[in-house]
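Listed here are the chains, written in short residue letters.
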Protein chains: 2
Amino acid sequence: MSNIFDFTGGASGQWNVTRITPVRGEPLVHVPCLNIVSASLTKSDHGLWTLKGVRSNLRYTEKNEQEKLQSIQANLARPEATHAALIPIRKSEDWWKLAQDDRRKIFEAQSKHIETGLKYLPAIARRLYHCRDLNEPFDFLTWFEYAPKDADAFEELVRMLRTTEEWKFVDREVDIRLIRARE
Amino acid sequence: MSNIFDFTGGASGQWNVTRITPVRGEPLVHVPCLNIVSASLTKSDHGLWTLKGVRSNLRYTEKNEQEKLQSIQANLARPEATHAALIPIRKSEDWWKLAQDDRRKIFEAQSKHIETGLKYLPAIARRLYHCRDLNEPFDFLTWFEYAPKDADAFEELVRMLRTTEEWKFVDREVDIRLIRARE
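A brief structural summary. (Residues numbered from 1 in each chain as written. Chains lettered and ligands numbered in written order. Predicted model: local features only at pLDDT ≥ 70, side-chain atom pairs only at ≥ 80, totals over all residues. Heavy atoms only, no water.)

## What about the relation of the copies chain A and chain B?
Moving on, step 1. In the superposition of chain A on chain B (RMSD 0.0 Å, axial shift 0.0 Å), the rotation amounts to 180°. Interpreted geometrically, this transformation is the action of a two-fold axis.
Moving on, step 2. An overlap of 100% is found between the interface residues of chain A and their copies at the interface of chain B, pointing to a shared contact surface. (Least-squares fit on C-alpha atoms with pLDDT ≥ 70 in both. Contact = heavy atoms within 4.5 Å.)

Here is the structure:
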């Protein structure tokens, strides 16, 4: 079983795209649907674009944070969570040259990335896919699922993260909003 | 320019294989030569086996350690460094489930991975390639280059690392020794 997933924008998929907003840097071409499939390292030629990401180990989360997260976080694919967001992000070379402790300081001590995320659990289910090491155009695919009643909370979370010190290192970001397609 | 490299064991290459010793877990088939080439994610069908790895950011090194390492470390391909070792390593699921601070504690506070490595610089040039997120059989390809006069020091370094707490999490390891082929 592979940890690698393809996020394909095209004519069909489990999610209907409601809007694609370029936040920083080069945009992505608009597509009507998003399809997510378990994949390999082979480049997909489906759809108009495919972003590849891999589920990996946590890179900054400390043990006490991990325990808090695990005790409260929601699973993906909850029936009520019909809204989703795919927000691919790339960070600058300056970020990647930093030592681990400097990145951790910016990530949590200064930007409270985990602490902020915790406030929105279990309403906003999150999953992170890594893609920097796959020679992809982004470094991360961040994925969120929530019920329509939590849409305002989600906007607040995204707004807060974008004002942080950490986000100063984000040099490409596209915000893709989705609604689960009827099966 | 890709950060991905293929290490192919086969009939030709820049390095002659002197021995392949299985240290833990499944061995690798013996080959006469090792070839290292800049690659893509596409699976190579050259040689008897190919291990793929990617140069990535540092995952544990802190700023003061990074500065020490950068001030003293040697480049690869020094003319006198005619000996090399490729030691592919896999760590257990127990390791990967640990939080970042727990992995760091084992890595440095308990096992002194960086401190030990520093003692053997600049004699032993090192480079780390990541491969866990590429669905590869190993998690890391560790690469070392040294002059024949430093061969004893290299054996000492390898022996010390294998006695550490960190190494208890290594569940597959193969030790491949090489001599640079005449051009």
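## So, the interface of chain A and chain B
Moving on, step 1. Between chain A and chain B, the residue contacts involve 26 residues of the former and 26 residues of the latter.
Moving on, step 2. Carbon and sulfur atoms make up 44% of the surface buried where chain A meets chain B, a total of about 2,200 Å² over both sides.
Moving on, step 3. On inspection of chain A and its partner chain B, the count reaches 3 salt bridges.
Moving on, step 4. With its nearest N and O atoms 3.0 Å apart, the salt bridge here joins Arg-59 of chain A to Asp-133 of chain B.
Moving on, step 5. When residues of the side of chain A that touches chain B are traced back to their parent elements, those giving at least two are α1 (63-72), α2 (93-97) and α3 (100-110) of chain A.
Moving on, step 6. Here the side of chain A that touches chain B takes 4 residues from α3 of chain A, the largest share from any one element.
Moving on, step 7. Considered class by class, the residues forming the side of chain A that touches chain B number 9 nonpolar, 8 polar and 9 charged. (Buried area = accessible area lost by both parts, 1.4 Å probe. Salt bridge = Lys/Arg side-chain N within 4 Å of Asp/Glu carboxyl O. Helix = DSSP H or I, 4+ residues; strand = E, 2+ residues; numbered from the N terminus. Nonpolar A, V, L, I, M, F, W, Y, C, P; charged D, E, K, R; others polar.)

## Digging into the packing of aromatic side chains
All names here are of chain A.
Moving on, step 1. Counted under the stated rule, the structure contains 20 aromatic pairs over all chains.
Moving on, step 2. Among the aromatic residues, ring-to-ring pairing joins Phe-5, Phe-7, Trp-15, Tyr-129 and Trp-143 into one connected group.
Moving on, step 3. One cation-aromatic arrangement involves Lys-91 over Trp-95; the distance from NZ or CZ to the ring centre is 4.0 Å. (Phe/Tyr/Trp six-rings, centres within 6.5 Å; stacked < 30°, edge-to-face > 60°. Lys NZ or Arg CZ within 6 Å of the ring centre and 35° of its normal.)

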